[in-house]
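# Structure assessment
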Amino acid sequence: MIEQKIVEPEYLFFQADREEVFITGSEALKEAIKRANVDMAISYPITPQSESMHLVGDLYVEGYVREYFRGENEFAVMSAVAGASMGGVRVFTATGGPGTLRAFEIFPAWAGARVPVVCAFMTRGVNSPLSIQPDTIEMAFMLHTGIVMFHAETAQDLYDMLLKAFVIAEKPDVHIPVGVFADGFFVTHTREKVKIDPAEIKLPPYNPYSSPVPVMDMENVPVRHMRDPFVMKSNFISYAAHASWQQEILAAAERARKHIHKYLGGLVETENEEAEILIIASGTAVSQSREAIALACQEGLNAGLVKIKSIRPFPEEEIRKLTQKAKAVIVPEFNRVGWLCKEIKSVVEDNTKVVGGPRVFGGMTMPPHLILAEIRRCSQ
Amino acid sequence: MNRKISIRMSGLGGQGVVTAAHILGVATTLEGLVSTVNPFFGAEKRLAPAESYVRISSSQIDERGEVLYPNIIMIFHPHVITLGKCYTMPFFDGLQPEGILIINSEQPLDLSKEDLTKLGQLNARLFYLPATQIATQVAETELSTNIAMLGGLVGVTRLVSVEAIRESLAERFGGRKFLASATTAALDDVLKSKFAQVTQLVDRNMEVVHKASEAVQEYFIKKKEAGSLCMLR
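Residues numbered from 1 in each chain as written. Chains lettered and ligands numbered in written order. Predicted model: local features only at pLDDT ≥ 70, side-chain atom pairs only at ≥ 80, totals over all residues.

### Notes on the overall build of chain A
Basically, it comes down to this: The numbering of helices and of strands both runs from the N terminus, where a helix is a DSSP run of H or I of at least 4 residues and a strand a run of E of at least 2. Only the C-alpha atoms count toward the radius of gyration. The rule for a globule is 2.2 Å times the residue count to the power 0.38. Exposed residues have 12 or fewer other C-beta atoms within 10 Å of their own C-beta, buried residues have 20 or more, and partly exposed residues fall in between, where C-beta atoms are placed from the backbone.
Each helix and strand in chain A was counted, giving 14 helices and 16 strands. Taking 21 Å as the expected radius of gyration for a compact globule of 380 residues, we find that chain A reaches 21 Å, a close match to that expectation. The principal-axis extent of the C-alpha atoms belonging to chain A is close to 65 × 55 × 45 Å. Every one of the 380 residues in chain A was classed for burial, and the buried ones make up 52%.

### Topic: the overall build of chain B
Using the following cut-off: Contacts here follow a simple rule: the backbone-placed C-beta atoms of the two residues must lie within 7 Å.
Of the regular secondary structure elements, chain B holds eight helices and eight strands. Taking 233 residues into account, the globule formula puts the C-alpha radius of gyration at 17 Å, and chain B, at 17 Å, falls close to it. Oriented by its inertia axes, the alpha-carbon framework of chain B measures out at about 50 × 40 × 35 Å. For chain B, with 233 residues in total, the buried portion stands at 48%. Taking the intrachain contacts of chain B between residues at least 6 apart in sequence as the baseline, contacts between residues at least 24 apart amount to 75%.

### Notes on helix H2 (residues 25-34) of chain A
Side chains that are three or four residues apart share a direction in an α-helix, a result of its 3.6 residues per turn. Among the ten residues in H2(A), ten count as buried, and that is most of the element. Looking at H2(A), one finds that the buried residues are A:Gly25, A:Ser26, A:Glu27, A:Ala28, A:Leu29, A:Lys30, A:Glu31, A:Ala32, A:Ile33 and A:Lys34.

### Digging into the packing of helix H11 (residues 284-298) of chain A against helix H14 (residues 368-379) of chain A
Residue and element names in this part refer to chain A. Note the cut-off: Fitted lines through C-alpha atoms serve as axes, helices being fitted only where they are in contact, and the angles separating the N-to-C directions of these axes extend from 0 to 180 degrees. For classification, angles of less than 35 degrees are called roughly parallel, those exceeding 145 degrees roughly antiparallel, those between 65 and 115 degrees roughly perpendicular, and all remaining angles oblique. For any pair of crossing helices, the crossing counts as left-handed if the nearer helix is rotated counterclockwise from the farther one by less than a right angle, and right-handed if it is rotated clockwise. Only Asp, Glu, Lys and Arg are considered charged in this grouping, and only Ala, Val, Leu, Ile, Met, Phe, Trp, Tyr, Cys and Pro are considered nonpolar; every other residue, Gly among them, is considered polar.
Running from N to C, H11 and H14 cross one another at 55°; their axes reach a closest spacing of 8 Å. For the element pair H11 / H14, the angle class is oblique. In terms of crossing hand, the pair formed by H11 and H14 is right-handed. Residues Gln288, Ser289, Glu291, Ala292, Leu295 and Ala296 of H11 pack against Pro368, Ile371, Leu372 and Ile375 of H14. Per-class residue counts for the contact of H11 with H14 are seven nonpolar, two polar and one charged.

### Notes on the environment of A:Asn73
All names here are of chain A. Inspection of the secondary structure assignment puts Asn73 in the loop between strand S4 (67-70) and helix H4 (74-86). With 30 residues separating them in the primary sequence, Asn73 and Ser43 have C-alpha atoms 8.6 Å apart. Not counting residues within four places of it along the chain, the set of residues in contact with Asn73 comprises Tyr44 and Arg102.

### Remarks on the confidence of the model for chain B
Residues and elements named next belong to chain B. Spelled out, the test is: Scored between 0 and 100, pLDDT is the confidence that the predictor attaches to each residue.
Averaged over every residue, the pLDDT of chain B is 89; the share at 70 or more is 91%. Scored below 50 in pLDDT, residues 227-233 shows 15 contacts in the model against residues more than four places distant or in partner chains. The ipTM assigned to the predicted complex is 0.89, against a pTM of 0.93.

### Notes on the interface of chain A and chain B
Every contact between the two is made by 21 residues of chain A and, on the other side, 18 residues of chain B. No other element matches the five residues that H11(A) contributes to the side of chain A that touches chain B. Here the side of chain A that touches chain B is composed, by residue class, of seven nonpolar, eight polar and six charged.

### Let's talk about the sheet that holds strand S14 (residues 310-312) of chain A
Residue and element names in this part refer to chain A. Heads up, the condition is: For two strands to pair, DSSP has to find at least two bridges joining them.
Sheet architecture is open: seven strands sit in the order S4-S3-S5-S6-S8-S7-S14, paired in mixed fashion. The two strands at the open ends of the sheet, each matched to only one other strand, are S4 and S14. Between one strand and the next, the sheet's axes are offset by a mean angle of 20°, whatever the strand orientation. With two bridges connecting them, strand S3 (residues 40-43) and strand S5 (residues 91-95) associate as parallel partners. When the bridges of S5 are listed, Ala41 appears paired with Phe92.

### A short note on the domain arrangement of chain A
All names here are of chain A. What counts is decided by this rule: Start and end points for every domain follow an automatic or database-based domain assignment.
Here the domain parsing of chain A yields domain 1 (5-210) and domain 2 (269-379). For domain 1 and domain 2, the distance between their C-alpha centroids amounts to 27 Å. In this complex, domain 1 contributes 21 residues to the contact, which on the side of domain 2 involves 20 residues. Residue assignment for the side of domain 1 that touches domain 2 shows that the elements contributing at least two residues are helix H7 (137-142), strand S7 (148-152) and strand S8 (178-183). Here the side of domain 1 that touches domain 2 gets five residues from one element, more than from any other, and that element is S7. Here the side of domain 1 that touches domain 2 is composed, by residue class, of 13 nonpolar, five polar and three charged.

### Here we look at helix H5 (residues 145-157) of chain B
Residues and elements named next belong to chain B. Selection criterion: To estimate the expected span of a helix, subtract one from its residue number and multiply by 1.5 Å.
Here H5 contains 13 residues, and its C-alpha end-to-end distance of 18 Å stays within 8% of the 18 Å for a straight helix at 1.5 Å per residue. Restricting attention to buried positions, one finds in H5 the residues Thr145, Asn146, Ile147, Ala148, Met149, Leu150, Gly151, Gly152, Leu153, Val154, Gly155 and Val156. Where H5 ends, the next residue or the one after it, Arg158, has phi of about 55°, a positive value.

### Some details on the environment of A:Leu162
Residue and element names in this part refer to chain A. Relative to the assigned elements, Leu162 resides in helix H8 (residues 155-169). Here Leu162 falls in the buried class, since 26 other C-beta atoms lie within 10 Å of it. For Leu162 and Phe150, which are twelve residues apart along the polypeptide, the C-alpha to C-alpha distance reads 9.0 Å. Excluding residues within four positions of it along the chain, Leu162 makes contact with Leu29, Ala32, Ala36, Val118, Ala120 and Val180.

### A word on the pairing of strand S6 (residues 118-123) of chain A
Looking along a regular strand, one sees side chains alternate from face to face of the sheet. Residue and element names in this part refer to chain A. Most of S6 sits inside the fold, with six of its six residues counted as buried. Here S6 shows two buried faces, one formed by Val118, Ala120 and Met122 and the other by Cys119, Phe121 and Thr123. Bridging between S5 and S6 involves four bridges; their strand directions are parallel. For Thr93, the partnering residue across the bridge sits in S6 and is Cys119. For S6 and S8, the ladder comprises six bridges, and the chain directions are parallel. Paired with Val118 across the strands is Val178, a residue of S8.

Shown next as structure tokens:
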């Protein structure tokens, strides 16, 4: 293993002198994992994630990751990752699109078992018809798995969110998995400037005793689930235990809020939030919105921006407050179902002012002019 | 440069459109400009359509994904146009007024009257460059077609200096770790095996750049009688 100096997370996130490099999102992921003190990484390739885990494999060869292997498929990878995490080590993997769905059963199992796994999801269309291009539809499926979900807009976000994800996931009062979502190709394959920490420093190691549940204890949950699951018992105690356990997972995600505020500077970021027209978006839909707002500005139209960084927990209170005065709320999305729009409509007081769309899907790039057209329409 | 310049490179898998974008992007950032680069492809195989995009600006670039409204379009292979091996149809879809087209072909292509009329209306500037021929003659490998196309771009626009391209080439092939897919890495190995040393590879490819920058030729589209082409120089 390569010697790196262990530093406080706060130092790595906020104080270390960073160098600006011109790299892709996949390379930014490599740089994050290089400094994340990861014990074990397990991979299974799927476009547009393949480069990322390939590079993590390079980190293993270089001596930055203790153990690395390729699983049989995504289901096997996510299961093995759970085992490694229960065994008390810091573990990382990544997948995307059809890979996410193939492994799906395991994500709520991760949350239920309180394993602080960090997984990167490089979003892509799910079949069929086949598309390898970016589409955020898998996030709609992931909303109710119990895991914390961050959505990166840029390679810089991806780098920062990944490192912070480990720290937040492993807080004793949280201790549930964190997924960092990045739009395939638009982030993973895009080369841009990213500020990274010196390679000589890394996060402190995972402390398995930070776990609020016993590690691999056959007499207690979560492992007892497997030996003697509640489903085998039809009585009030087993129902109550199951229900309270599920609520505790939700509560853990709620308790992540304060850590997200501390490390990510909040669940949302805003620009010109007083404007009558607000665009609320996440991921690269934010980038397209920035461009649309600049175009609108040239026409004398005024629109503000809310970037949602944390999808779970969802910034209910923030959105409710921010949208109170707005005349219209535009929600551009890279998927067919409009899951973010539904989330927003569920918290905005007068949700008739929420415009669902524009939406593109199946891998299409969203022309900023589509968002501009909505801004124009709402300005009339 | 105050405005953003968006470039779309369309070619066939294995021709190096992604590498060309990488080299151009790095070169522009070396000159202190802001640049983003990204590819677009389907199944990763040779001769399948492949595109890459370069955005260049003096200020921050927010927009992502495909370049939908390019200022410059570079066509790396005639089949992009003649066989429709392209993600955008027609091949100049979205081209901005006064936009530039650089096509790798030894002779002018038999473009339809409709296409030429539209290009005429856009006041587009159309250039032809025998990029593969120059690559084969000067670098003795058609793998340098992408570098010849960059030479053509330098000849037409002066977007980036020849020195910056040299530096970027040296960085790309000079051993610095960078990310490449397995097929790209394999082609890199083929290219490197053709030269005894990286400096030789860089020198010879810079010769390709110079030759291509001189060989690129503009064709004038007569607005009223689009369909007949007249060579300017």
